[in-house]
Number of protein chains: 2
Amino acid sequence: MSTFTQEPHKLLLIPGPIELSDEVLYANATPPMPHTGADFIPIFGDAIRMTREVVQTQTGQPFLIAGSGTLGWDQVAANLIEPGEDALLLNCGYFGDSFADCLRAYGANVDEIRADFGKSVTQPELEAALKAKKYKLVCFTHVDTSTAVLSDAKMIGETCKRLAPESLVILDGVCSVASEEIKMDEWNIDVVLSASQKGLGAPPGLCVVIASQKAIKVNEVRKAPIAGFYSSWKRWLPIMQAYEAGKPAYFATPPVNLIRAYQVSLTQITKSPTISLQDRFELHRKAALRVRHAATELGLKLVPVDPHYTANGMTAIYLPEGLGVADVVPRMAQRGIIVTGGIHKVNKDKYFRIGHMGVSVVHPERGDIAKAIAGMQEALQEALASKKATLAAKESYKPSPVRNPAVPRAYPRSIAVVSARL
Amino acid sequence: MSTFTQEPHKLLLIPGPIELSDEVLYANATPPMPHTGADFIPIFGDAIRMTREVVQTQTGQPFLIAGSGTLGWDQVAANLIEPGEDALLLNCGYFGDSFADCLRAYGANVDEIRADFGKSVTQPELEAALKAKKYKLVCFTHVDTSTAVLSDAKMIGETCKRLAPESLVILDGVCSVASEEIKMDEWNIDVVLSASQKGLGAPPGLCVVIASQKAIKVNEVRKAPIAGFYSSWKRWLPIMQAYEAGKPAYFATPPVNLIRAYQVSLTQITKSPTISLQDRFELHRKAALRVRHAATELGLKLVPVDPHYTANGMTAIYLPEGLGVADVVPRMAQRGIIVTGGIHKVNKDKYFRIGHMGVSVVHPERGDIAKAIAGMQEALQEALASKKATLAAKESYKPSPVRNPAVPRAYPRSIAVVSARL
């Protein structure tokens with residue numbers, strides 16, 4: 001095990017999948033274990049217990065099921081929505097839209113509070129909605145991967161407790177679990193749904209859901225049958241309970257390699273002798289600050305409007321006017337750093353996204369963040385220089401204003417600003 | 001890559017997960033690739049194309065989605081069943097029962113033809129059912145992992161074509177794809193559903209479904225909305241088409257490591273310069289014959305009643321009367337060979353199951369099958385000797401017939417038979 005070193009590769013700094021430790025990758029390559037065997041059962045049990053620790057719950061019930069994070073939405077909708085029931089969705093971007101689509105696919109009546117691009121839903125907006133109507137579910141994306149906007153989970157949970165104590169509060173934590181603090185019990189969160197490939201530090205393919213006992217109960221007393229088979233908590237609950245109790249059980253074959261990799265990652269996250277879970281959150285905050293600082297130093301604007309509502313596991317940065325994703329992201333890739341463009345339908349070519357989660361921030365000795373910042377600076381500089389050269393060539397061509405009136409006469413202002421700072 | 005060797009481990013001969021090649025395991029441990037990046041897209045595209053080859057279809061549409069094989073049932077039910085529609089299920093065991101449960105969870109009216117334990121549904125039974133009623137779906141388990149019974153996929157597909165040409169024929173191939181021949185187009189099969197961890201030779205966690213264009217069309221014109229989000233073919237179809245066309249697309253993050261491992265395994269399966277797909281099926285047939293022969297040589301009976309309807313990727317063998325799973329399976333494990341007990345609810349302690357799929361049969365130089373046979377012989381011999389000793393001790397104790405009338409007076413007959421042959 002100690003001799004395994006992962007292949008050389010470009011630094012993966014997208015908002016998931018992320019850079020993984022050698023130990024996690026090696027666990028993913030161990031020969032498959034029999035899924036109901038004595039070696040695997042305690043690994044699965046451990047993974048369940050440590051999942052609770054990460055979201056700070058005593059009584060929440062983890063469900064670890066092969067699938068993408070998207071399957072977490074289906075679990076929420078299939079188990080907790082009966083046709084025609086009302087759900088409120090606090091929508092901060094692309095993933096809010098998709099979560100709403102999923103709820104509607106199961107017959108939910110979804111009301112949305114749509115935040116402007118780069119903003120999150122405010123407490124007064126939430127209060128007004130909860131006073132106006134009773135909702136079975138109040139759903140929000142903790143960090144919307146499309147915008148890097150961080151919602152205030154504590155405020156949302158507590159506001160619901162005060163104004164809508166019967167509602168179930170659903171936190172989509174695909175891009176927040178293990179990079180943002182979540183106090184599931186204390187903040188009145190009923191479901192946290194996530195996936196293995198972001199802050200949780202494992203390869204993609206494991207859907208991670210934690211449901212409060214209140215949510216489990218709501219599912220148990222529902223009138224309509226559960227709207228699914230693979231996503232049914234009733235079918236999975238005895239399986240998860242058995243594995244945790246050290247006993248074999250079977251509903252569907254678990255992804256044994258991935259659960260082992262996930263268990264190794266959770267061990268690194270929750271049992272580190274030197275870095276506590278609180279330290280981990282703090283390291284993510286520091287890395288995010290560093291990236292944001294570097295961006296603003298370059299004169300770039302962040303997508304999230306308010307620094308208090310900005311994710312700590314990723315950053316979304318506007319490109320200077322005149323530059324598109326294709327000008328910058330491939331230039332960072334040439335420097336060995338993989339970041340990605342926008343995803344929000346309106347603005348996707350106007351900004352790019354950097355992920356900074358897991359080992360890249362918890363082990364600063366790797367130098368990942370410094371490399372990302374240097375890469376960003378160089379790529380922008382080169383892109384701007386190239387753009388200037390193109391514009392200058394066009395200028396010197398001096399086309400007739402009648403033949404081609406659209407050619408810009410000067411560099412766009414924001415290119416000039418960024419250029420001056422580089 | 002060439003230097004990676006998997007950890008020493010016991011020989012995994014259950015009916016999935018199975019023994020994997022070093023190359024497949026190493027692929028599972030490569031650093032995650034960005035899921036819409038230029039390196040990953042052709043890997044996904046290749047995996048899609050090679051999936052078609054394995055089930056011998058020209059036009060079938062593969063769906064490769066993170067999940068267990070069970071998710072394949074959900075895909076069939078969510079996309080192809082509208083509430084109240086009729087499905088016929090040819091039931092040969094535990095997995096037939098579960099498939100029926102899944103169809104019913106989506107509102108299907110399921111009629112079952114239940115074969116006796118160890119038998120498959122016959123052509124006259126199927127013909128009678130198809131003449132009596134019109135079914136939207138005709139579903140069957142190609143190999144029921146609980147019994148090792150192999151259904152006659154060709155007969156079922158052709159009978160449906162003749163008597164129920166509008167029905168969709170659904171083959172549950174979790175335990176058959178790549179270990180049993182399937183000619184999807186020629187045999188009139190509309191959906192093949194499977195999972196990565198058996199004949200397909202990869203770790204568990206990838207649900208593999210191939211749908212005919214007829215099935216895709218039936219889904220497109222359905223009246224009720226698709227009963228799910230994550231399992232919706234309408235959402236996944238453009239994604240699969242894009243990856244195959246070499247273009248990025250996003251619906252949910254694919255399990256990039258596992259798809260890479262699966263692609264490596266499919267390359268070994270479909271592009272081997274020395275072992276064709278036909279050779280592969282033949283090698284599975286030979287290995288199965290060898291295991292069955294060894295079992296019958298020991299005087300043991302097979303669960304499948306008819307050798308023509310017996311799986312080639314696994315074998316289910318009755319224990320001699322007087323011995324239970326706990327007498328034999330742990331003794332094989334002590335010899336480094338992992339097999340497993342029964343799973344069918346009625347008889348699960350009366351038989352055990354040996355898996356023989358993938359590298360264990362395609363590379364006979366590994367000696368896996370020989371080890372399994374020797375391990376079975378030794379474990380049975382030891383178990384019988386131990387049972388005899390226990391019985392002899394009880395005999396010599398000579399308890400009063402009044403105090404303990406249940407103590408057997410002699411070894412059960414089948415122990416004596418097996419004992420004589422060992």
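Keep in mind that what you see is a predicted model, and the values were worked out from it rather than measured. (Residues numbered from 1 in each chain as written. Chains lettered and ligands numbered in written order. Predicted model: local features only at pLDDT ≥ 70, side-chain atom pairs only at ≥ 80, totals over all residues. Heavy atoms only, no water.)

Pulling in residues and values, what's your account of the overall build of chain A?
Each helix and strand counted, chain A has 14 helices and 14 strands in total. For 422 residues, the compact-globule estimate of 2.2 N^0.38 gives 22 Å, and chain A sits close to it at 23 Å. Summarising its shape, the C-alpha atoms of chain A cover approximately 75 × 60 × 35 Å along the three principal directions. Buried residues in chain A amount to 62% of all 422 residues. Residue pairs in contact within chain A that sit at least 24 positions apart in sequence constitute 71% of those at least 6 positions apart. Accessible surface computed for chain A: about 15800 Å², of which carbon and sulfur atoms make up 53%. Side-chain charges of chain A comprise 46 positive and 42 negative groups, with the mean position of each set lying 4 Å from the other. (Helix = DSSP H or I, 4+ residues; strand = E, 2+ residues; numbered from the N terminus. Rg over C-alpha atoms; globule rule 2.2 N^0.38 Å. Buried < 20%, exposed > 50% of the residue type's maximum accessible area, 1.4 Å probe, protein only. Contact = heavy atoms within 4.5 Å. Areas by Shrake-Rupley, 256 points an atom, 1.4 Å probe, with all protein chains shown as cover. Lys, Arg positive; Asp, Glu negative; His and termini not counted. Charge placed at Lys NZ, Arg CZ, Asp CG, Glu CD.)

Describe the nonpolar core, naming the residues involved and giving the relevant values.
Core analysis: the largest hydrophobic core is formed by 235 residues, its most contacted members being A:Leu103 and B:Leu103. Those residues in contact with A:Leu103 that lie beyond four places of it in its chain are A:Val76, A:Ala77, A:Ile81, A:Ala87, A:Leu89, A:Ala108, A:Val110, A:Leu137 and A:Cys139. (Core = buried A, V, L, I, M, F, W, Y, C linked by side-chain atoms within 4.5 Å.)

Tell me about the packing of helix 2 (residues 40–54) of chain A against helix 8 (residues 233–244) of chain A, and name the residues and values.
Residues and elements named next belong to chain A. At a closest axis distance of 7 Å, the pairing of helix 2 and helix 8 adopts a crossing angle of 105 degrees. Comparing the axis directions of helix 2 and helix 8 gives the class roughly perpendicular. The segment helix 2 lies against helix 8, with Phe40, Ile41, Phe44, Gly45, Ile48, Arg49 and Arg52 engaging Met240, Tyr243 and Glu244. (Axes fitted to C-alpha atoms, helices over the stretch in contact; angles between N-to-C directions. Parallel < 35°, antiparallel > 145°, perpendicular 65-115°, else oblique.)

Quick rundown of the domain arrangement of chain A? Include the residues and the values.
All names here are of chain A. Examined at the domain level, chain A breaks down into domain 1 (22–270) and domain 2 (277–391). Put simply, the middle of domain 1 and the middle of domain 2, counted by C-alpha atoms, are 28 Å apart. Every contact between the two is made by 29 residues of domain 1 and, on the other side, 25 residues of domain 2. Between domain 1 and domain 2 the total buried area reaches about 2300 Å² when both faces are included, carbon and sulfur atoms providing 62% of it. (Domains from an automatic or database assignment. Buried area = accessible area lost by both parts, 1.4 Å probe.)

Break down the packing of helix 3 (residues 70–80) of chain B against helix 4 (residues 94–105) of chain B for me, with residues and values.
Residue and element names in this part refer to chain B. Helix 4 packs onto helix 3 with a crossing angle of 40 degrees between their chain directions and a minimal axis gap of 9 Å. Relative to helix 4, the element helix 3 is oriented oblique. In the crossing of helix 3 with helix 4, the sense of the turn from one axis to the other is right-handed. Residue-level inspection shows Trp73, Asp74, Val76 and Ala77 of helix 3 in contact with helix 4, the latter providing Phe95, Ser98, Phe99, Cys102 and Leu103. Considered class by class, the residues forming the contact of helix 3 with helix 4 number seven nonpolar, one polar and one charged. (Left-handed = near helix turned anticlockwise from the far one by under 90°. Nonpolar A, V, L, I, M, F, W, Y, C, P; charged D, E, K, R; others polar.)

Run through the pattern of salt bridges, naming residues and quoting values.
In this structure the tally under the stated criterion is 41 salt bridges over all chains. With a closest N to O distance of 2.6 Å, A:Lys271 and A:Glu53 form a salt bridge. Placement of A:Lys271 in the loop between helix 9 (256–270) and helix 10 (277–297) and of A:Glu53 in helix 2 is noted, with a sequence separation of 218 residues between them. Judged by its relative accessible area of 45%, A:Lys271 is partly exposed. The partner of B:Glu382 in a salt bridge is B:Arg331, with the nearest N and O atoms 2.7 Å apart. Pair noted here: B:Glu382 is in helix 13 (residues 368–397) and B:Arg331 is in helix 11 (residues 325–334), with a separation of 51 residues, a long-range link. It is possible to trace a salt-bridge network through shared partners that takes in A:Asp97, A:Arg104, A:Glu112 and A:Arg114. (Salt bridge = Lys/Arg side-chain N within 4 Å of Asp/Glu carboxyl O.)

Before we move on, can you summarise the sheet that holds strand 13 (residues 340–341) of chain A with the specific residues and values?
Residues and elements named next belong to chain A. A sheet is described by the order of its strands in space; here three strands give the open sequence 11-14-13, paired in antiparallel fashion. Two strands bound the open sheet, and with one partner strand each, they are strand 11 (314–318) and strand 13. Pairing between strand 13 and strand 14 (residues 351–355): two bridges, direction antiparallel. Within the sheet, the bridge partner assigned to Thr340 lies in strand 14 and is Arg353. Its contacts with the sheet place helix 10 against strand 11 and strand 14, and it is angled at close to 10 degrees to strand 11. (Pairing = 2+ DSSP bridges.)

Can you tell me about the side chain of B:Glu127, naming the residues and giving the values?
Residue and element names in this part refer to chain B. In this structure, Glu127 sits in helix 5 (residues 123–132). In this structure the side chain of Glu127 is engaged in a polar contact, spanning 2.9 Å, whose partner is the side chain of Arg162. If we skip the residues at most four places from it in the chain, Glu127 touches Thr159, Arg162 and Leu163. (Polar contact = N/O pair within 3.5 Å; in protein donor to acceptor, adjacent residues only side chain to side chain.)

Before we move on, could you go through the interface of chain B and chain A and cite the residues and values that matter?
At the interface, 54 residues of chain B touch 54 residues of chain A. Between chain B and chain A the total buried area reaches about 4100 Å² when both faces are included, carbon and sulfur atoms providing 66% of it. Where chain B touches chain A, the interface holds zero salt bridges. The interface formed by chain B and chain A includes nine residue pairs in polar contact (both at pLDDT 80 or more). Looking at the side of chain B that touches chain A, the elements with two or more residues in it are helix 1 (22–28), helix 3, helix 4 and helix 9 (256–270) of chain B. In terms of residue count, the dominant contributor to the side of chain B that touches chain A is helix 4 of chain B (six residues). Among the residues forming the side of chain B that touches chain A, the class breakdown is 34 nonpolar, 15 polar and five charged.

Describe the environment of A:Gly201, naming the residues involved and giving the relevant values.
Residue and element names in this part refer to chain A. Looking at where Gly201 falls in the secondary structure, it is placed in the loop between strand 9 (191–195) and strand 10 (206–211). Along the sequence, Gly201 and Leu25 sit 176 residues apart, while their C-alpha atoms lie 9.9 Å from each other. The residues touching Gly201, leaving out its near neighbours within four places in the chain, are Ile18, Leu20, Val24, Ser196 and Ser265.

Please set out the relation of the copies chain B and chain A residue by residue, giving values where relevant.
Each copy superposes on the other: chain B lies on chain A with an RMSD of 0.0 Å after a rotation of 180 degrees and an axial shift of 0.0 Å. Both copies of the chain, as the preceding transformation shows, are related through a two-fold rotation axis. Of the C-alpha atoms belonging to chain B, the one lying closest to the rotation axis is found on B:Gly67, 2.3 Å away. The fraction of interface residues of chain B whose copies in chain A are also interface residues reaches 100%, indicating that both copies meet through the same surface. (Least-squares fit on C-alpha atoms with pLDDT ≥ 70 in both.)

Got a sec to walk through the environment of A:Phe352? Specific residues and values, please.
All names here are of chain A. Secondary-structure assignment places Phe352 in strand 14. As a C-alpha pair, Phe352 and Ile317 span 35 residues in sequence and 5.5 Å in three-dimensional space. Among all residues touching Phe352, those that are not within four sequence positions of it are Thr315, Ala316, Ile317, Leu319, Val329, Met332, Val339, Thr340, Gly341, Gly342 and Met376.

Let's hear about the UniProt feature "modified residue: N6-(pyridoxal phosphate)lysine" (unreviewed entry) in chain A: which residues, and what values?
Residue and element names in this part refer to chain A. Summarizing the sequence annotation, UniProt attributes the feature "modified residue: N6-(pyridoxal phosphate)lysine" (unreviewed entry) to Lys198 in the numbering used throughout. Positionally, Lys198 belongs in the loop between strand 9 and strand 10. Under the relative-accessibility criterion, Lys198 is labelled buried at 6%. The residues touching Lys198, leaving out its near neighbours within four places in the chain, are Pro15, Gly16, Ile18, Thr145, Val174, Cys175 and Met357. (UniProt positions renumbered as here; feature names shortened; annotations may be inferred.)

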